[in-house]
Protein chains: 2
Amino acid sequence: MKNICMLIMTCLMSSWAFAQQALWGGSNIVSPQVNEDHTVTFRIYAPKASKVEVEGDFLAAKTVDTPFGKQDAPTKASLKEVKPGLWEYTTVPLASELYSYVFYVNDMRVLDPSNVFLSRDVATIQNIFIVGDGRGDNYMVQDVPHGNVAKVWYESPALGMDQRRMTVYTPAGYEDSKKKYPVLYLLHGAGGDENAWSELGRATQILDNLIAQGKVEPMIVVMPNGNGAQQAAPGEAPSSMEKPTFMNKKTMEGSIEKAFPDIIKYVEKHYRTYTDKKHRAICGLSMGGFHSLYISALYPDMFGYVGLFSAAIHKDNKGPNADVYQNLEQKLAKQFQHAPELYWIGIGKTDFLYNDNVSYRKLLDEKGYKYTYMETGEGHIWRNWRIYLSEFTPLLFK
Amino acid sequence: MKNICMLIMTCLMSSWAFAQQALWGGSNIVSPQVNEDHTVTFRIYAPKASKVEVEGDFLAAKTVDTPFGKQDAPTKASLKEVKPGLWEYTTVPLASELYSYVFYVNDMRVLDPSNVFLSRDVATIQNIFIVGDGRGDNYMVQDVPHGNVAKVWYESPALGMDQRRMTVYTPAGYEDSKKKYPVLYLLHGAGGDENAWSELGRATQILDNLIAQGKVEPMIVVMPNGNGAQQAAPGEAPSSMEKPTFMNKKTMEGSIEKAFPDIIKYVEKHYRTYTDKKHRAICGLSMGGFHSLYISALYPDMFGYVGLFSAAIHKDNKGPNADVYQNLEQKLAKQFQHAPELYWIGIGKTDFLYNDNVSYRKLLDEKGYKYTYMETGEGHIWRNWRIYLSEFTPLLFK
C-alpha cells in the first residue's frame, strides 16, 4: 500500500489533467529550443494542419502603410512537417534578446502549447523566450540576490478611489537593513497597467542583475497603474474578468499627474525611503514618458532624475485638468531653475513619436536646458524600453 | 499635430501588434460569455476547421480505468459553426463555481484566444472563468478591502539554499496597523509551487472576501514552495525557462519537514506576528496535507490548527530523513497530549486517497484524538481544495 501510494502520488497528484496530457501526442515536444549556435527551433504538433507558421519579433519586420504613416509589422515564417503531425522551423542565429511569438495553424492564431512562458499586452497574449550570451542575460533570472516584489493597494483621494494597485520592488537586502533607499517611479504606456513593467519589461530581472553587477544603486522601484479610471490590472479589480480593452479614460487629461502625490505619500510612509528630490526619480515609456514629463514639470521640486522613453509629448489644453498641460515653457523654466541631476531622453529612429521628440529637444536646446539623449534602432517597442531602463538606471542616485 | 498625436496614441500605443489584432478575424469575439441564466457560451474563430470541441470541468466527467484504478476524466462537447469560421457552444445552466477549459480544433489543443485569464498546473495551461451568485462569488475580486501579496525570498540553511521564494498575503489593514497577526501556512501539492494557492486556489480572493464578511479573522497567509530541490516556480529561478516538469526530488523524503522552521523564522522576524502555537495554523492539499501532517507531528508545540486537505498519508521510512516518518503513533501521542485546537480533515468521495484517509481516521478514532471531518463529492481536484480553504479558515484563531 505504501509503495503504491507513492507511485500514485507521483503520477496523478497534479490531477487527472496531468496524466491526460501525457496521453496527448504533443506532450514530449520541446519548443522553443534555443540551440548552442543561437538558432532557435520551434515545434508544434498539429496533426490535421495544411499550413503552420510562426510570427515573431525575431523575424525581419516589413514596412506597411497605415493611416498613421509607415509602420513596422511582424512577418511569418513557415514550419515544415518533419514527421506526421509534427511541424518544425529553425531560425538563423539570433542576437541575445527577449523575443515573443505565436503560431498560426491553418490561419488560426495559436499559442505554443509547449511553452508556458507568456506575456500579455492589453488582450493579446504571446509566448516569450530569451536568447542569452549578451543583452538577454540581464532579462533572465540569474543566480544573484533577488529583490522582493509586492502587489500593494494604496488610497488615492485625488482620484476618489479607496484602493488602487501598484507593484513595488524592494532590492535584495532591504528587508534586513535599516538603511533608507532612493525610489524610482517607473510608469507604463497606454494599454498597460501595474503589471506591465515587471512582466513585459523584465524590470525585476534587470534591477536584480544590474544591482548585483554593481552598476546600479540599490533602489526601490514603484510601478503604479497609470490609468486614472482603473483600480487595477484586468482580473485584479472587481468585475474585471471580461476581455481587457484599451483603457483611454483618465489617462492623458491631467488626473494621473495631479494624483501622483498620493502615490509618493503611500510609498514614503510605508517604506524606508529618502524623501528629497535627490533621491527620487521618475521615468516611463510612451504615455508613461508623457506622464513623467508633465508630473516632473508640475512638481518641479519633486524629482532629481527624469527619464522620457519614447515619450508622447504634446497635449491639447482641454478639460478640467487642462492646467497640467498649460504654460509648459514656464513650468520647464521653473523646473530647470534648479535643474534635475539628469534629464534623459531615449527614442527609436523609426518611432512614430520621433519627430515630436526632435521638436521637444529643439525646445530644450533653445532654452539651454541640459539633457542626455540616446537614439536606438527600431520603433515603439518593448525591446527599446528594456534597453532604456538598463541605460537609465545606472545613472541614478550617484 | 497635437490632435493627430492623440489619435495615434490611442490607436497604436500598445505596439503594432495591437492594431494587427484588430485586423484579425477573431478580434471582436466574446468568449466565454456568462449569460444571465448561468449558461455559458464559448466562441472561437477557426476558419478552416472541420471539428471544434471544448473540454472543461463544467461538463460531466467520465470514469475511466487507469493503472491506478478508476479515475474521473474530463469530457468534451462539440461546437457548431454558426457563421463562416465562427464556432459556438452554450452549456446548460452551471452552478456558481470557478471552471477551467480548453478548445480542441481538429484535435489540436488550443487556448481560447478571446480569454486572457489562465491558470498553469505543471506544464498545462487552461483558461478559467467564474460563474457567480453562489460559491464562485468568493473566488472573484469583489469591492472589499484587499490584502497585499508579496513574492519574498528567504534563506533556508536546512536546505542549503541562500534563496527560496514564497508568497505572503498580508490582510487589508496590516500596513497601517501596529497589531500582531496570526499566521496560516498554506501548502501546495505535488506538481505545485509557491504560486499554486494564489493562482489555482484563489486564496487571495477567498481570504479578502471571507475577512470582509467577518467570517475569518484577519491573518497572514504564507504560501511557501514545498519542493525541497526547487528555489522557486518555473521561470522564477535561474535557468528555469525550460518546460516545467513534475518535481519529485526532495518532496516527500523529509527535507521540507525538517527545513520548515527556516520559513517560520523568516516570517516571524519580518512580519508582525504572534509567535505561539495558538496563533499558528498549517494546512495543505495532497502532498501539502502530507507535509502538514508530518510537520505538525514533528514539531508538536508549533501549530494550534492543522488541516489535511485530500492528504497523502503513508510514507516509507527510507533515506537520511526517515526519522521524520518513523514512529508516527508516538509522535501523534505527543502532539495530542496538548491537542491542537483544531485537527481538520477534508476529502472527496472519489479521491484515490480516500481509503488511506479512512484508515488514518480510524487510527485517530482508536486513540481518541479529536478531529473535524468534511466529506465532499468528487475527487482530487482544486474545486474541493478551494472549498476546504473556505471551510477551514473560519475556524482558525477564535
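Predicted model only: the values in this text are computed from it and were never measured. (Residues numbered from 1 in each chain as written. Chains lettered and ligands numbered in written order. Predicted model: local features only at pLDDT ≥ 70, side-chain atom pairs only at ≥ 80, totals over all residues. Heavy atoms only, no water.)

A closer look at the overall build of chain A
What counts is decided by this rule: Helix and strand definitions follow DSSP, with helices as H or I runs of at least four residues and strands as E runs of at least two, each counted in order from the N terminus. Only the C-alpha atoms count toward the radius of gyration. The rule for a globule is 2.2 Å times the residue count to the power 0.38. The buried label goes to any residue with under 20% of its type's maximum accessible area, the exposed label to any with over 50%, and the partly exposed label to all in between, with areas taken from a 1.4 Å probe on protein chains only. Only heavy atoms matter for contacts: two residues are in contact if any of them lie within 4.5 Å across the pair. Here the Shrake-Rupley method, with its probe set to 1.4 Å, supplies the accessible areas, and only the displayed protein chains count as covering residues.
What chain A contains, in helices and strands, is 9 helices and 20 strands. Relative to the 2.2 N^0.38 estimate, which gives 21 Å for 398 residues, the radius of gyration of chain A is 23 Å and therefore close to what a compact globule would have. Within chain A, buried positions represent 64% of all 398 residues. Intrachain contacts of chain A at a sequence separation of at least 6 include 72% that bridge at least 24 residues. A total accessible area of about 15,500 Å² is found for chain A, and carbon and sulfur atoms account for 50% of it.

Things to note about the sheet that holds strand β8 (residues 86-90) of chain B
Pairing between the strands of a sheet comes from backbone hydrogen bonds, and it takes one of two forms, parallel or antiparallel. All names here are of chain B. Defined as follows: Should DSSP find at least two bridges between two strands, the strands are regarded as paired.
Pairing in this open sheet of 4 strands is antiparallel, and the strands run β1-β2-β8-β7 from one edge to the other. Each edge of the open sheet is held by one strand with a lone partner, namely β1 (33-34) and β7 (80-83). With 5 bridges joining them, strand β2 (residues 40-45) and β8 adopt antiparallel strand pairing. Residue Y45 lies in a different strand from β8, and its bridge partner there is L86.

Here we look at the sheet that holds strand β8 (residues 86-90) of chain A
All names here are of chain A. Ordered in space as β1-β2-β8-β7, the 4 strands form an open sheet in which the pairing is antiparallel. The sheet is open, and its two borders are formed by β1 (33-34) and β7 (80-83), each paired with just one other strand. Pairing of β1 with strand β2 (residues 40-45) involves 2 bridges; the strand directions are antiparallel. The residue of β2 that forms the bridge with Q33 is T41.

Section: the nonpolar core
Keep this limit in mind: Note on terminology: a nonpolar core comprises buried Ala, Val, Leu, Ile, Met, Phe, Trp, Tyr and Cys residues joined through side-chain atoms within 4.5 Å.
Ranked by internal contacts, the top residues of the largest apolar core, which has 106 residues, are A:Y185, A:Y343, A:Y360, B:Y185, B:Y343 and B:Y360. A:I128, A:Y139, A:A203 and B:L98 belong to the second largest nonpolar core, which has 82 residues in total.

Examining the packing of aromatic side chains
Heads up, the condition is: For Phe, Tyr and Trp, rings pair up if their centres lie within 6.5 Å, where Trp contributes its six-membered ring, and each pair is then called stacked (planes under 30 degrees apart), edge-to-face (over 60) or tilted (otherwise). Our definition puts a charge over a ring when NZ of Lys or CZ of Arg is within 6 Å of the ring centre and also within 35 degrees of the ring normal.
Following the criterion strictly, the structure yields 58 aromatic pairs over all chains and no others. When the ring of A:W197 is compared with that of A:F309, the centres are 6.3 Å apart and the planes differ by 75°; the resulting orientation is edge-to-face. Linking A:W197 in helix α3 (residues 196-199) with A:F309 in strand β18 (residues 305-309), this pair joins segments that are 112 residues apart in sequence. Considered together, A:W197 and A:F309 belong to a single accessibility category, that of buried residues. Residue placement shows B:K76 over the ring face of B:Y104; its charged tip is 4.0 Å from the ring centre.

Points about the packing of helix α4 (residues 203-212) of chain B against helix α9 (residues 382-392) of chain B
Residue and element names in this part refer to chain B. The condition is simple: Comment: axis = line fitted to C-alpha atoms, over the contacting stretch for helices; angle = value between 0 and 180 degrees taken between N-to-C directions. In this scheme, roughly parallel covers angles under 35 degrees and roughly antiparallel covers those over 145, while 65 to 115 is roughly perpendicular and the rest are oblique. Here is the rule for handedness: rotate from the far helix to the near one, and if that takes an anticlockwise turn smaller than a right angle the crossing is left-handed, while a clockwise turn gives right-handed. Residues are sorted three ways: Asp, Glu, Lys and Arg are charged, Ala, Val, Leu, Ile, Met, Phe, Trp, Tyr, Cys and Pro are nonpolar, and all the rest, Gly among them, are polar.
α9 packs onto α4 with a crossing angle of 30° between their chain directions and a minimal axis gap of 10 Å. Looking at the two axes, α4 sits roughly parallel to α9. Where α4 crosses over α9, the two elements pack in a sense that is right-handed. On α9, the residues that touch A203, I206, L207 and L210 of α4 are R386, L389 and S390. Residue composition of the contact of α4 with α9, by class: 5 nonpolar, 1 polar and 1 charged.

Some points on the side chain of A:T170
Residue and element names in this part refer to chain A. Tracing the backbone shows T170 in strand β14 (residues 161-170). Note on T170: relative accessible area 4%, which makes it buried. Once you skip the residues sitting within four places of it in the chain, T170 turns out to touch G147, N148, E175, I220 and Y271.

Section: the pattern of salt bridges
Going by this rule: Only one rule defines a salt bridge in this text: a Lys or Arg side-chain nitrogen within 4 Å of an Asp or Glu carboxyl oxygen.
This structure, assessed with the given rule, holds 26 salt bridges over all chains. Its salt-bridge partner being B:D107, residue B:K51 comes within 2.8 Å of it at the nearest N-O pair. Within this pair, whereas B:K51 is found in the loop between β2 and β3 (52-56), its partner B:D107 is found in the loop between β9 (97-105) and β10 (108-110), the two being separated by 56 residues in sequence. Overall, the relative accessible area of 32% leaves B:K51 in the partly exposed class. With a closest N to O distance of 3.6 Å, B:E378 and B:R383 form a salt bridge. It is possible to trace a salt-bridge network through shared partners that takes in A:K48, B:K51 and B:D107.

A few points about the environment of B:R164
Residue and element names in this part refer to chain B. Quick reminder of the rule: N or O atoms within 3.5 Å of each other form a polar contact, as long as, within protein, one can give a hydrogen and the other can take it, and as long as residues adjacent in sequence are counted only when both atoms are side-chain atoms.
For R164, the location among the structural elements is in strand β14 (residues 161-170). For the pair R164 and Y294, spaced 130 residues apart in sequence, the C-alpha to C-alpha distance is 21 Å. If sequence neighbours within four positions are ignored, R164 has contacts with V152, W153, Y154, S156, L159, N225, N227, G228, Q230, Q231 and I256. A polar contact of 2.7 Å, which involves the side chain of R164, links it to the side chain of Y154.

Observations concerning the side chain of B:Q335
Residue and element names in this part refer to chain B. Counting through the fold element by element, Q335 comes out in helix α7 (residues 328-337). Residue Q335 is classed as buried on the basis of its relative accessible area, which comes to 2%. A distance of 3.1 Å separates the side chain of Q335 from the side chain of S296, its partner in a polar contact. Dropping the residues within four chain positions of it, Q335 is found in contact with K277, S296, A297, P300, V306, P340 and Y343.

From the geometry alone we can't say anything about function, so treat these as descriptive.
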